[in-house]
Amino acid sequence: MTTWEYLTTPLLIHNTAAILNNWGKQGWELVQVVQGPEGGLVAYLKRPATTDQATNAGLAAAAEASRQFEGDSK
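A brief report on the enclosed structure follows. Nothing here was measured: the structure is a model prediction, and the numbers come from that model.

## As for the pairing of strand E2 (residues 29–35)
1) Next: Note: E2 against strand E3 (residues 41–48), six bridges, orientation antiparallel. The residue bridging Glu-29 from the neighbouring strand is Lys-46, located in E3.
2) Next: Count of turn residues in the E2/E3 antiparallel hairpin: five residues, of which Gly-39 carries a positive phi of about 100°.

See below:
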């Protein structure tokens, strides 16, 4: 049975394709785009889960980028 890991990321309207292409190159598949609570777009992505250390490092980097984005928007 396949297990999945998920990622959410804000989408900047002027750079949407580049953001999604970047995540796609890392194996992420777009599941859905929704409007965020503050009006921006949020992408939900998934990929098969692995135990690779590099994957965990990538998720940590994504989490940090998300925190910085949220801090900048307030």
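## A few points about the pairing of E3
1) Next: Of the pairings in the sheet, the one linking strand E1 (residues 4–11) to E3 comprises eight bridges and is antiparallel in character. Bridge pairing in E3 links Trp-4 to Pro-48.

## Topic: the pattern of salt bridges
1) Next: In this structure the tally under the stated criterion is one salt bridge.
2) Next: Note that Glu-5 is salt-bridged to Arg-47, the shortest N-O span being 2.8 Å. Of the two residues, Glu-5 sits in strand E1 while Arg-47 sits in strand E3, which places them 42 residues apart along the sequence.
3) Next: Assessed through its relative accessible area of 11%, Arg-47 is described here as buried.

## Section: the nonpolar core
Considering soluble globular proteins, one finds that nonpolar side chains tend to be buried as a cluster.
1) Next: Formed by Leu-7, Leu-11, Ile-19, Trp-23, Trp-28, Ala-43, Leu-45 and Ala-62, the largest nonpolar core amounts to eight residues.
2) Next: At the level of elements, E1, helix H1 (16–25) and E3 are the ones that each hand at least two residues to this core.

## Section: the sheet that holds E2
1) Next: Read from one edge to the other, the open sheet built from three strands follows the order E1-E3-E2, with strand pairing classed as antiparallel. Every interior strand has two partners, whereas the edge strands, E1 and E2, have only one. Taken over all neighbouring pairs, the strand axes of this sheet differ in orientation by 20° on average, direction set aside.
2) Next: Across the face of the sheet, H1 comes into contact with E1, E2 and E3 while running at roughly 160° to E1.

Reading the values: rules and limits
Residues numbered from 1 in each chain as written. Predicted model: local features only at pLDDT ≥ 70, side-chain atom pairs only at ≥ 80, totals over all residues. Heavy atoms only, no water. Pairing = 2+ DSSP bridges. Helix = DSSP H or I, 4+ residues; strand = E, 2+ residues; numbered from the N terminus. Salt bridge = Lys/Arg side-chain N within 4 Å of Asp/Glu carboxyl O. Buried < 20%, exposed > 50% of the residue type's maximum accessible area, 1.4 Å probe, protein only. Core = buried A, V, L, I, M, F, W, Y, C linked by side-chain atoms within 4.5 Å. Axes fitted to C-alpha atoms, helices over the stretch in contact; angles between N-to-C directions. Contact = heavy atoms within 4.5 Å.

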